[in-house]
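# Descriptive structure summary
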Amino acid sequence: MESVPPESWWCTMRVLIQLRPSPDVVAAVADPDVTATTADVADGLPGVVLDPSFTPVAVPRPVPAAAGGDPLSLNQSLTFSLAADDASVMVRGEISDDELSTRVTLLPTLRNDVVGVFADPVIESNLTCGGDAPVGDWHDVERLLHVAELHAEGLDGSGVALAVLDTGINAAHVARHLGRDLVLDKERSWNPDGVTGRPGEFEVDHGTMCAFDTLIAAPRATLIDIPVLLSRRPGGSALDGLLSDAVAAFAHLRTVLEAQPAETRSLVVSNSWGSFSPRWDFPVGHPGNYSDNPAHPFNLIVASLEQAGADVLFAAGNCGRDCRDGRCAYPNRPIAGANSHPGVLSIGGVDTGGQRVGYSSQGPGRLTLRKPDICSYTHFSGSKAFGAGEPDSGTSAACPVAAGLVAAIRTRWPVSALSPAQLRTLLRRTADDRSDIGFDYDYGYGVTDTPGVLASLRRRAMRVASTTPS
């Protein structure tokens, strides 16, 4: 059992407080047309400094599909309710180090509207730790993904919403280096509280790389720009944010998804970031823990978005044994929290020669043992977001490359025809196995195999056609 470093390492700890106020307040927070404030939800909590800049978020309640089921189990069918009598509300605050243990324990007993207190860890982008030159370029990735074959079947991402949660997109840079225009939905893009800047006009950085890489397979996808890594904390860098802002971003994406017609619904969510260290988390086994806790609000909201029909992809991380990122602080099992959620695709990295890159994190995962799911391509010359000679690297690049493939598939296979769970299974079963027979902790089920995917989809289409009345 792991623990965080001594509390003396921080002066205060940011936390998420899950509340269950009156149903009318819950309904107001859940309503996308109403902007509720922290003051509307809580009039103060003992020992907690609430953050008034954070917009409260409605957290759906997990309900087992079968009677008597466990709502915290990740291995059963769940539904998620945002009804006013079911949902809860999340706010953000800080607790001082000298009151941390007592307040976390006492708050739910001092106030009957407090459901729980959870970690709000720092989230950081997954950059490579190595200085190796690029292995091939993005045209090699196009060839390996069989993009021409995808497009010949009309699978180019047209009409598919593809959200990039990162440092923001510079659309002009992406278009210039792709050699084609891109589609950016400014209306459905979203900024965390306190982040300024307009969609598609952020500085060229990590998010621009990710956006470029999604469009290799799905050049006609509609990008949604969500600069979740630009939220600031004291002493933070330009490439880290707070998990609370990711919770709010996923809540926004749920409104985006549910506004789509059910028959054509599709949303792909690319996340090239994760929590590298237990320093800002509660210990494993603590009810407020994030890394291993399916009941953490972010893990719940990820599950609810997937169940509503989104394809959620996370980078596996750059904590591989051969070349660990210097920030990696988990002594083992570095694929933590939502990056290891059973409802997401956790993406490892291989170079254009098909070899696992040394920094690609190995499993087992913390929420689900069988992680990563699959691998995709990284460490190639592509966006030039970091300079002409610098590769698009890390599992940060592998994740959006895979997200682009998913978006391409969704062009003609919406959620009504192929659920997120079915698509994950399809990608795993068709993957090109590169190591042990079947699943292994280095490559997952293998490297994405577009011809195998297309063949499976053709067979599926034939089965559907044979059972459809004429």
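Scroll up a little and you will see the structure.
The text that follows walks through the structure, step by step, so that each part is easy to find. Each chain carries its own residue numbering, running from 1 in the direction its sequence is written. Per-residue local features of the predicted model are confined to residues with pLDDT of at least 70, and side-chain atom pairs are confined, for both listing and counting, to 80 or more; whole-chain, interface and lining totals are unaffected and use all residues. Note: side-chain values were computed over all heavy atoms of the structure, leaving out hydrogens and water.

### Here we look at the side chain of Thr 450
- Per the convention used, a helix needs a DSSP run of H or I reaching at least four residues, while a strand needs a run of E reaching at least two, with both numbered from the N terminus. Tracing the backbone through its elements, the reader meets Thr 450 in helix H12 (residues 450-467).
- Polar contacts involving the side chain of Thr 450 include one to the main-chain carbonyl oxygen of Leu 145, which spans 2.7 Å.
- We call two residues in contact when some of their heavy atoms are within 4.5 Å. If we skip the residues at most four places from it in the chain, Thr 450 touches Leu 145, His 146, Leu 150 and Leu 405. Nitrogen and oxygen atoms within 3.5 Å of one another constitute a polar contact, given that in protein one can donate a hydrogen and the other can accept it, and given that sequence-neighbouring residues count only through two side-chain atoms.

### A short note on the layout of surface pockets
- Here the term cavity refers to a set of points on a 1 Å grid, laid over the protein atoms alone, in which a 1.4 Å probe fits but cannot get out; the term pocket refers to an open set having protein on both sides within 12 Å along at least five of seven lines, with lining residues being those that place an atom within 4 Å of a point. Grid points are joined across faces, edges and corners, and a volume is the space filled by probe spheres set on the points. Roughly 680 Å³ of volume is contained in the largest pocket.
- Looking at the largest pocket, it is lined by 29 residues, and the ones nearest its centre are Val 29, Pro 32, Ala 251, His 252 and Thr 255.
- At the level of secondary structure, the elements contributing two or more residues to the lining of the largest pocket comprise helix H1 (23-30), strand E3 (57-59), helix H8 (243-258) and helix H9 (297-308).
- Looking at which element gives the most residues to the lining of the largest pocket, the answer is H8, with 8 residues.

### A word on the pattern of salt bridges
- The rule for a salt bridge is simple: a side-chain nitrogen of Lys or Arg has to be within 4 Å of a carboxyl oxygen of Asp or Glu. Scanning all chains against the criterion turns up 19 salt bridges.
- For Asp 86, the salt bridge identified is with Arg 61, shortest N-O distance 3.3 Å. Here the residue Asp 86 occupies a position in the loop between strand E5 (78-81) and strand E6 (88-96), and Arg 61 occupies one in strand E4 (residues 61-64), the gap between them amounting to 25 residues.
- Across the pair Arg 92 and Asp 245 runs a salt bridge whose closest N-O atoms are separated by 3.5 Å. Here Arg 92 is found in strand E6, whereas its partner Asp 245 is found in helix H8, with 153 residues between them in sequence.
- Counted as one network, the salt bridges with shared partners bring together Arg 14, Asp 51, Arg 92 and Asp 245.

Read these as geometric descriptors, not functional statements.
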